[in-house]
Amino acid sequence: MKTIFEKIRDGEIPADVIYRDEQCFAFRDISPQAPVHILIVPNKPIPRVGEAEPGDQALLGHLLLTAAKIASDLGLSENGFRVVINNGPHGGETVPHLHVHLLGGRQLTWPPG
Ligand code: AMP
């Protein structure tokens, strides 16, 4: 069965998709936790970073570089931004399809909840 993010990838569920390339896509989070809250998702449905394999190394790097590029494109470079990957129940993961959160546009606090 497809994950909800595979359905967004395939255009079966509407989303505000702002970026696509041959390896990943990005869209606005439906429940934004900051003025800018983007999810960067690999086309390949790796469930979570803890299940990524050595062969995914380039893809994982690409996701981070893409997050940084989108942050720059959206004007976040000067004031900064945060990238987050939630993994498993204690990490707060709710969708079992690897995704990088890009958060910005306000002062974020640390530690996270
Ligand atoms: P996580 O909790 O790290 O697994 O993140 C999943 C994220 O996906 C949450 O921030 C949700 O708000 C977001 N989300 C779930 N469904 C959708 C959707 N249909 N469109 C956009 N974002 C979604």
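One structure accompanies this document, and this report is about it. Values in this document were obtained by computation on a predicted structure and should not be read as measured data.

### Some thoughts on the pairing of strand S1 (residues 17–20)
Line of reasoning, step 1. Direction of pairing for S1 relative to strand S2 (residues 24–28): antiparallel, over a ladder of 3 bridges. Counterpart to Tyr-19 in the pairing with S2 is Ala-26.
Line of reasoning, step 2. The antiparallel pairing of S1 with S2 creates a hairpin that spans 3 residues between the two strands.

### Observations concerning the side chain of His-101
Line of reasoning, step 1. Assignment of secondary structure puts His-101 in strand S5 (residues 100–104).
Line of reasoning, step 2. When residues no more than four places from it in sequence are discounted, the contact partners of His-101 are Asp-29, His-37, Ile-38, Leu-39, Arg-82, Val-83, Val-84 and Asn-86.

### Focus: the site of the ligand
Line of reasoning, step 1. Taken together, 16 residues sit near the ligand, with Asp-29, Asn-86, Thr-94, His-99 and His-101 positioned nearest.
Line of reasoning, step 2. Contact between the ligand and Asn-86: an oxygen atom at 2.8 Å from a side-chain N or O atom of the residue.
Line of reasoning, step 3. At 2.9 Å, a side-chain N or O of His-99 approaches an oxygen atom of the ligand.
Line of reasoning, step 4. Among the secondary structure elements, those contributing two or more residues to the shell around the ligand are helix H1 (4–9) and S2.
Line of reasoning, step 5. Considering each element in turn, the shell around the ligand owes the most residues, 3 residues, to H1.
Line of reasoning, step 6. Its residues assigned to classes, the shell around the ligand comprises 7 nonpolar, 6 polar and 3 charged.

### Looking at the sheet that holds strand S4 (residues 81–84)
Line of reasoning, step 1. The strand order across the open sheet built from 5 strands is S1-S2-S3-S5-S4, with neighbouring strands paired in antiparallel fashion. Because the sheet does not close on itself, it has two edges, and the strands there are S1 and S4. Within this sheet the neighbouring strands show an average axis-to-axis angle of 20 degrees, counted without direction.
Line of reasoning, step 2. Contacting S1, S2, strand S3 (36–42), S4 and S5, helix H2 (residues 57–73) runs over the sheet at an angle of about 155 degrees to S3.

### Description of unusual backbone geometry
Line of reasoning, step 1. Residues Trp-110 and Pro-111 are joined by a peptide bond in cis, for which omega reads 0 degrees.
Line of reasoning, step 2. Following the sequence through the fold, Pro-111 ends up in the segment after S5.

### Side note on the packing of aromatic side chains
Line of reasoning, step 1. Taken as a whole and judged by the stated rule, the model has 2 aromatic pairs.
Line of reasoning, step 2. Aromatic side chains Phe-5 and Phe-27 sit 5.3 Å apart centroid to centroid with 70 degrees between the ring planes, which places their arrangement in the edge-to-face category. Within this pair, whereas Phe-5 is found in helix H1, its partner Phe-27 is found in strand S2, the two being separated by 22 residues in sequence. You'll find Phe-5 and Phe-27 in the same group, each marked buried.
Line of reasoning, step 3. Taken together, a centroid distance of 5.8 Å and an interplanar angle of 20 degrees make the contact between Phe-25 and Phe-27 stacked.
Line of reasoning, step 4. Among the aromatic residues, ring-to-ring pairing joins Phe-5, Phe-25 and Phe-27 into one connected group.

Quick notes on the rules
Residues numbered from 1 in each chain as written. Predicted model: local features only at pLDDT ≥ 70, side-chain atom pairs only at ≥ 80, totals over all residues. Heavy atoms only, no water. Pairing = 2+ DSSP bridges. Helix = DSSP H or I, 4+ residues; strand = E, 2+ residues; numbered from the N terminus. Contact = heavy atoms within 4.5 Å. Near = heavy atom within 4 Å. Polar contact = N/O pair within 3.5 Å; in protein donor to acceptor, adjacent residues only side chain to side chain. Nonpolar A, V, L, I, M, F, W, Y, C, P; charged D, E, K, R; others polar. Axes fitted to C-alpha atoms, helices over the stretch in contact; angles between N-to-C directions. Phe/Tyr/Trp six-rings, centres within 6.5 Å; stacked < 30°, edge-to-face > 60°. Buried < 20%, exposed > 50% of the residue type's maximum accessible area, 1.4 Å probe, protein only.

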